[in-house]
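# Observations on the model geometry
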Amino acid sequence: MYQIPTKYFLRLHHVRPRFKDDVENVLLRVANACTQLKPMESSKYNQYLFEAIKLFPGNIDKAEKTIHNWRTEIAALFGLYIEDKKTGITKTGNLSSILADTSDLVQFFKYFLFKFQYPGGHIKSDSIAELISYGVKFKPAKYILEVLHSANNYIGKNLGISKAETANCIFNDLRVTRDNRDAKEVIDLILKNRKEKESYISDGDYVRYAGDILDYMVLANLLVERHGYYYLNKNEESSILTFINDKTYFHEYDKFYDAQFSIKDLGLVENLWFEYVNADLNEDLFKTDLLSFISTVETEKGTNDDNLIDNKIKELLNDESNKKGIGDLGETLVLGHEKMRVTNLGREDLLHLIQKIPTSFAVGYDIQSIDGNSPTKRYIEVKTTISKKKINWLGFHLTPNEWDAAETLRKSYYVYRLMLNSTDKTLYIIQNPVGLYKEDKINMSPRNGAEVTFDDNLFKPTQLLIWKKSE
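These figures come from a predicted structure and were not determined experimentally. (Residues numbered from 1 in each chain as written. Predicted model: local features only at pLDDT ≥ 70, side-chain atom pairs only at ≥ 80, totals over all residues. Heavy atoms only, no water.)

Within the open sheet, the 3 strands sit side by side as S1-S3-S2. Their pairing is antiparallel. Strands with a single pairing partner mark the edges of an open sheet, and in this sheet they are strand S1 (40-41) and strand S2 (81-84). (Pairing = 2+ DSSP bridges. Helix = DSSP H or I, 4+ residues; strand = E, 2+ residues; numbered from the N terminus.)

See below:
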């Protein structure tokens, strides 16, 4: 069995949220809850967020301590809000705002991993002190990508890496986390151990934290997992190189490495950490590339006729000039859905009435369509979420302009809630949201417009139709 030499062994760890298996749904729900809160006294902020988490499916009967643990885990690991212990004020972070506005979970996990490092404010001060005493300075996602990317030229082929290999050859070895071991040495070590059929320690916490990072890298679309091995996602070359070439680091702990300090001193830096992870988030950085995402799905699932996101979508996207942006993808698919719906009604003569409305017009909806059986207009606002796993949170946000349009247009106003992931695409059609709210059939809370949620017991998904041009 391969073992890290004792003098180089240090097991890294971080907060492990108890909702990890449902992390995408939880993050989307909590980010939307956070964006409804203005800066306020921390105990009040915490109570509001506690109540929002309590309403998450399956949480209503959970103990109060468990709900508070969820809240603190979300704050510590993902930095969705910033609690200033000096002033006693908590404010919502930019990470929450961007996620709530874009619904781009793939981009969110890239942001998270791009800033994530050891030491960092995601762990307790005594653990930070231990890392400083050992001289650790380590950005795991960056290093893992360096190893896998280097392998292409070094050994002439793609290298996949298991969780056990990542833990034993990278994560828990000070030659990497402190000394920044050359990526080629790690590749040599992994290949040598494979050739000699070395086994690894793979129990519990020894591997778990390295495994978490690999799983988050899959959710960020940086890696793909096949049969327990993690490979570079070749369609994300630009993002991967951004990680590898990144020189940024949270340096506020640097002054403690060669000095005497107290645990209290480290605690004073915590607020700066959460400011750091929420700073300099260019909304165009890591914006999900639609064709790359779809190509990844097709690679993972194959290209048979049963593909839920198949070559027909790619064919449709090739007809559009703008291939980037979650909103663009959703609007493109809904535009095609409407054309196919009207065509299926035998009204191809009305297709010219189905149009995408330029954003600059600011009319409060994205697409103008028709019912099909009559020239009655449909004014459609498209709300799209993209993620690696299926999302079951059915909410969406309407801006003040969109809510005003819905109030004016009433039964002619539709929200098409589209959720795309690696295995499925789900479309809910909500007609007349203002009327439904007044009938208590959907929930609405004001937040710079309206935060809307609905129950899938009352609303059933509609099959998304893929536009196929007539021969």
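This structure, assessed with the given rule, holds 33 aromatic pairs. Each ring, one from Tyr 45 and one from Tyr 81, has its centre 5.2 Å from the other, and the planes form 45°; the classification is tilted. Taken as a pair, Tyr 45 in helix H2 (residues 42-54) and Tyr 81 in strand S2 lie far apart in primary sequence, 36 residues in all. Among the residues examined, Tyr 45 registers a relative accessible area of 0% and is labelled buried. For the ring pair Phe 114 and Phe 286, a centre distance of 5.3 Å and an interplane angle of 70° mean the geometry is edge-to-face. A residue pair is termed long-range when its members are at least 10 positions apart, and Phe 114 in helix H5 (residues 105-115) and Phe 286 in the loop between helix H14 (270-277) and helix H15 (290-301) qualify at 172 residues. (Phe/Tyr/Trp six-rings, centres within 6.5 Å; stacked < 30°, edge-to-face > 60°. Buried < 20%, exposed > 50% of the residue type's maximum accessible area, 1.4 Å probe, protein only.)

Within the structure shown, the criterion is met by 23 salt bridges. Across the pair Arg 18 and Glu 73 runs a salt bridge, and its minimum N-O distance is 2.7 Å. With Arg 18 in the segment before helix H1 (23-34) and Glu 73 in helix H3 (residues 64-78), this pair connects stretches of sequence that are 55 residues apart. Ionic pairing is found between Glu 236 and Lys 110, a salt bridge with its closest N-O pair at 3.2 Å. (Salt bridge = Lys/Arg side-chain N within 4 Å of Asp/Glu carboxyl O.)

With that settled, the discussion passes to the nonpolar core. Counting residues in hydrophobic clusters, the biggest one holds 124 residues, and the most contacted among them are Phe 78, Phe 109 and Leu 113. Examining the composition of this core, we find that 10 residues originate from one element, helix H11 (residues 204-219), more than from any other. Every residue in contact with Phe 109, bar those within four places of it in the chain, is listed here: Val 23, Glu 24, Leu 27, Phe 78, Tyr 216, Leu 219 and Ala 220. Of all hydrophobic cores here, the second largest spans 24 residues; its members include Leu 335, Ile 367, Leu 464 and Trp 467. (Core = buried A, V, L, I, M, F, W, Y, C linked by side-chain atoms within 4.5 Å. Contact = heavy atoms within 4.5 Å.)

Read across the open sheet, the 5 strands follow the order S6-S7-S8-S10-S11; overall the sheet is mixed. Strands with a single pairing partner mark the edges of an open sheet, and in this sheet they are strand S6 (355-356) and strand S11 (425-431). The pairing of S6 with strand S7 (residues 367-370) spans 2 bridges and is classified as antiparallel. Pairing of Gln 355 across the sheet is with Gln 368, part of S7.

As far as function goes, none of this settles anything; it's purely spatial.
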